[in-house]
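Examining the three-dimensional arrangement
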Amino acid sequence: MKKWMILAAVGVLAINMASCKPGGGESKGNETETSQVNESSQAEAGQETSGDGAETVGEEIPNPFQELEGPEGLKELGLNMEAPENASNIQYISISGEIGEVFFELDGHRYSYRGAAHAEEFSGIFEEFEQETTALSDCGADEDLIVKTTVSGGRLASWSKGGAKYTLYTADAVEDEVIFELCISLIGKN
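For the structure given in this document, a descriptive report is provided here. It should be emphasised that the depicted structure is a prediction, and the values quoted were computed from it without experimental measurement. (Residues numbered from 1 in each chain as written. Predicted model: local features only at pLDDT ≥ 70, side-chain atom pairs only at ≥ 80, totals over all residues. Heavy atoms only, no water.)

Residue placement: Lys189 occurs in helix α4 (residues 176-189). Remark: the alpha-carbon pair of Lys189 and Glu82, spanning 107 residues in sequence, is separated by 7.2 Å. Apart from the residues lying within four places of it in its own chain, the contact partners of Lys189 are Asn80, Glu82, Ala83, Pro84 and Glu85. (Helix = DSSP H or I, 4+ residues; strand = E, 2+ residues; numbered from the N terminus. Contact = heavy atoms within 4.5 Å.)

Here it is as structure tokens:
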């Protein structure tokens with residue numbers, strides 16, 4: 001008798017669970033309900049563009065990254081940023097309308113060059129750094145150019161100029177001379 005009661009309870013539970021799933025259980029012949037579920041699923045899976053041009057994922061979460069045509073879009077953020085002349089695979093991006101970023105490759109190394117007129121911590125690099133830093137003054141920046149080395153060998157440089165702050169990052173182990181030369185070139189264009 002107990003076995004039958006347990007089997008009956010499991011069966012009722014299975015039927016209830018099946019009827020709770022979209023499209024599960026008995027068909028009620030209500031196509032409107034089914035189409036609303038399908039439209040909702042399609043909206044959640046797709047991307048839309050909000051009024052400010054930023055892409056949104058689904059209907060609720062805006063995509064903070066907006067690809068720009070070139071350096072002109074960064075000027076609207078109060079930033080003077082351009083990729084070096086010999087760079088390739090260049091991509092200009094606005095992040096939340098506050099941070100500008102330029103991705104580029106130069107001499108076999110991939111770089112991320114960021115700037116912000118108002119944000120404090122914007123480098124986007126969350127690696128562990130060596131204790132020693134290198135500083136270079138009289139390089140055209142408002143303050144010293146600071147270069148840190150990550151434990152994995154990457155380099156992060158930071159400086160400020162004209163009221164904005166800038167960083168240059170590469171995950172590659174590049175020599176001091178290479179990173180300083182590149183930074184001085186970028187500072188000259190700020």
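On we go.
As a further point, take the packing of aromatic side chains. On inspection of all chains with the given rule, the structure shows 4 aromatic pairs. A centroid spacing of 5.9 Å and a plane angle of 20 degrees characterise the contact between Trp159 and Tyr166, whose relative ring orientation is stacked. Classification of Trp159 by relative accessible area gives buried; the value is 4%. Against the face of Phe129 rests Lys148, its NZ or CZ located 5.1 Å from the ring centre. (Phe/Tyr/Trp six-rings, centres within 6.5 Å; stacked < 30°, edge-to-face > 60°. Buried < 20%, exposed > 50% of the residue type's maximum accessible area, 1.4 Å probe, protein only. Lys NZ or Arg CZ within 6 Å of the ring centre and 35° of its normal.)

Another point: α4. Over its 14 residues, α4 runs 20 Å from end to end, which matches the ideal 20 Å to within 8%, given 1.5 Å per residue. Those residues of α4 that fall on the buried side of the exposure criterion are Ile179, Phe180, Leu182, Cys183, Leu186 and Ile187. Each buried residue of α4 lies within a common arc of 165 degrees when the element is viewed along its axis, so the set occupies one face. Every exposed residue of α4 that faces more than 90 degrees away from the buried side is listed here: Glu177, Glu181 and Gly188. (Expected span 1.5 Å × (residues − 1). Arc of directions from axis to C-beta.)

Phe104, Tyr113, Trp159 and Leu168 are the most contacted members of the largest nonpolar core, which has 29 residues in total. For this core, the elements supplying multiple residues, two or more each, are β6 (99-106), β7 (109-116), β9 (145-150), β10 (155-161), β11 (164-170) and α4. When neighbours within four sequence positions are excluded, Phe104 is seen to be in contact with Ala83, Pro84, Ala87, Ser88, Asn89, Ile90, His109, Arg110, Tyr111, Tyr113, Leu168 and Leu182. Among the nonpolar cores identified, the runner-up in size contains 6 residues, and Ile93, Ile95, Ile99 and Ala119 belong to it. (Core = buried A, V, L, I, M, F, W, Y, C linked by side-chain atoms within 4.5 Å.)

This brings us to the sheet that holds β9. A sheet is described by the order of its strands in space; here 8 strands give the open sequence β4-β5-β6-β7-β11-β10-β9-β8, paired in antiparallel fashion. Edge strands, defined here as strands with exactly one partner in the open sheet, are β4 (65-68) and β8 (129-136). Ignoring strand direction, the axes of neighbouring strands in this sheet form an average angle of 20 degrees. Two strands pair when backbone bridges link them, and strand β5 (residues 88-95) and β6 are joined in this way by 6 bridges, in the antiparallel orientation. Directly across from Gln91, in β6, lies its bridge partner Phe103. (Pairing = 2+ DSSP bridges. Axes fitted to C-alpha atoms, helices over the stretch in contact; angles between N-to-C directions.)

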